[in-house]
Amino acid sequence: MEDIMLEQLKKDVYEANMELQEKGLVIYTWGNVSGIDRENNYVVIKPSGVEYDELTPDDMVVVDFDQNIIEGKYRPSSDTATHIELYKAYPSLAGVVHTHSTWAVTFAQAGMAIPAMGTTHADYFYGDIPCTRDLTAEEINLDYERNTGLVIIETIGDRDPMEVPGIVVKNHGPFTWGTSPANAVYNAVVLDKVAEMAHHTLTLNPRVQKAPQYLMDKHYFRKHGANAYYGQGNL
């Protein structure tokens, strides 16, 4: 049964990585998706530097929390340590995504949070999508990828990570997460689109004010939480 579940997770992670390319969020090898087997704390992730067109589900790499390779013929993504720190910190996460998508990177390079300007943003993210601080030279030189995960955790603070399921790492790019690898990819697509909308809004009117909080609350909570009523849930 364990082998069957792990094979399914490898398939899910592979398909999620393909979705990144299909949605135009990555070119060449500029991104990665992972998923986790919580029973064994095994992380399944895209291999490092392998072209998307060459990947198969069997090429996904399985590692433990110490980054020991459990299965796989390739080295795992260079961002594996970042993913692992997020999984260790937040038991609710079941998928993590990193891309260099254009609009999210624009905010990362500007060192700016992606502001919650309207209801499209509020449908998925409860408040601004934060930007981390700079990593110090020591943090970069000693354990860069692990410290990238730690600065994300530091920036999230006491918040529920699922309320704002994404972040931009300063001068680097976005990480998103979700309830599955596919859901984390969904959040990555939405994050980049709301970043594009925010950029255009601020360009058109640099003095624009954010939408009223009561409007943002309405849109977020009609999709999320105990009293959500958007979609075709149980009546």
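Numbers given to residues run from 1 along each chain, matching the order in which its sequence is written. For a predicted model such as this one, the threshold for reporting local features is a pLDDT of at least 70, and the threshold for listing and counting side-chain atom pairs is 80 or more; totals across whole chains, interfaces and linings nevertheless cover every residue. The basis for every side-chain value is the complete set of non-hydrogen atoms in the structure, without hydrogens or water.

Colleague: Could you give an account of the packing of helix α3 (residues 102-110) against helix α6 (residues 181-204), naming the residues involved and the relevant values?
Modeller: Between N-to-C directions, angles span 0 to 180 degrees; the directions come from axes that are lines fitted to C-alpha atoms, helices contributing only their stretch in contact. Starting at the N terminus, helices and strands are each numbered in turn, a helix being any DSSP run of H or I of at least four residues and a strand any DSSP run of E of at least two. Orientation of α3 relative to α6, taken along the N-to-C sense of each, is 60 degrees, at an axis distance of 7 Å. Taken together, the axis directions place α3 and α6 in an arrangement best described as oblique. Here α3 and α6 pass one another in a crossing that is left-handed. Contacts between α3 and α6 involve Thr102, Trp103, Ala104, Thr106 and Phe107 from the former and Leu191, Asp192, Ala195, Glu196, Ala198, His199, His200 and Leu202 from the latter. Polar here means any residue other than Ala, Val, Leu, Ile, Met, Phe, Trp, Tyr, Cys and Pro, which are nonpolar, and Asp, Glu, Lys and Arg, which are charged; Gly is therefore polar. Broken down by class, the residue content of the contact of α3 with α6 amounts to seven nonpolar, four polar and two charged. An angle below 35 degrees is treated as roughly parallel, one above 145 as roughly antiparallel, one from 65 to 115 as roughly perpendicular, and anything else as oblique. With the far helix as reference, a near helix turned anticlockwise by less than a right angle produces a left-handed crossing, and one turned clockwise produces a right-handed crossing. Contacts are residue-level and defined by heavy atoms, with any inter-residue pair within 4.5 Å sufficient.

Colleague: Outline the side chain of asparagine 147, supporting the account with residue identities and numerical values.
Modeller: Within the secondary structure layout, asparagine 147 lies in helix α5 (residues 137-156). Whenever a nitrogen or oxygen atom comes within 3.5 Å of another N or O atom, the pair is scored as a polar contact, on the condition that within protein one atom can donate a hydrogen and the other can accept it, and that pairs from neighbouring residues in sequence are kept only if both atoms are in side chains. A distance of 2.9 Å separates a polar side-chain atom of asparagine 147 from the backbone oxygen of glutamate 139. Ignoring sequence-local partners within four residues, the contact set of asparagine 147 consists of Leu135 and Glu139.

Colleague: A description of the nonpolar core should follow, citing residues and the corresponding values.
Modeller: One recurring pattern in soluble globular proteins is that nonpolar side chains are buried together. What makes a nonpolar core is a set of buried Ala, Val, Leu, Ile, Met, Phe, Trp, Tyr and Cys residues whose side-chain atoms join them at distances within 4.5 Å. Think of it in three bands: residues with accessible area under 20% of the maximum for their type are buried, residues over 50% are exposed, and the middle band is partly exposed, with areas taken using a 1.4 Å probe on protein chains only. Ranked by internal contacts, the top residues of the largest apolar core, which has 21 residues, are Leu20, Val44, Leu55 and Val97. Going through the elements one at a time, α1 (2-22), β2 (42-45) and α6 are the ones with two or more residues in this core. Here this core gets seven residues from one element, more than from any other, and that element is α1. Contacts of leucine 55, omitting those with residues within four sequence positions, involve Tyr14, Met18, Lys46, Pro47, Val50 and Met60.

Colleague: I'd like a description of the environment of methionine 162, backed by residues and values.
Modeller: Along the chain, the position of methionine 162 falls in the loop between α5 and β6 (166-169). Since its relative accessible area comes to 21%, methionine 162 is described here as partly exposed. For the pair methionine 162 and asparagine 187, spaced 25 residues apart in the sequence, the C-alpha separation amounts to 10 Å. Among all residues touching methionine 162, those that are not within four sequence positions of it are Ser92, Leu93, Trp177, Gly178, Thr179 and Tyr220.

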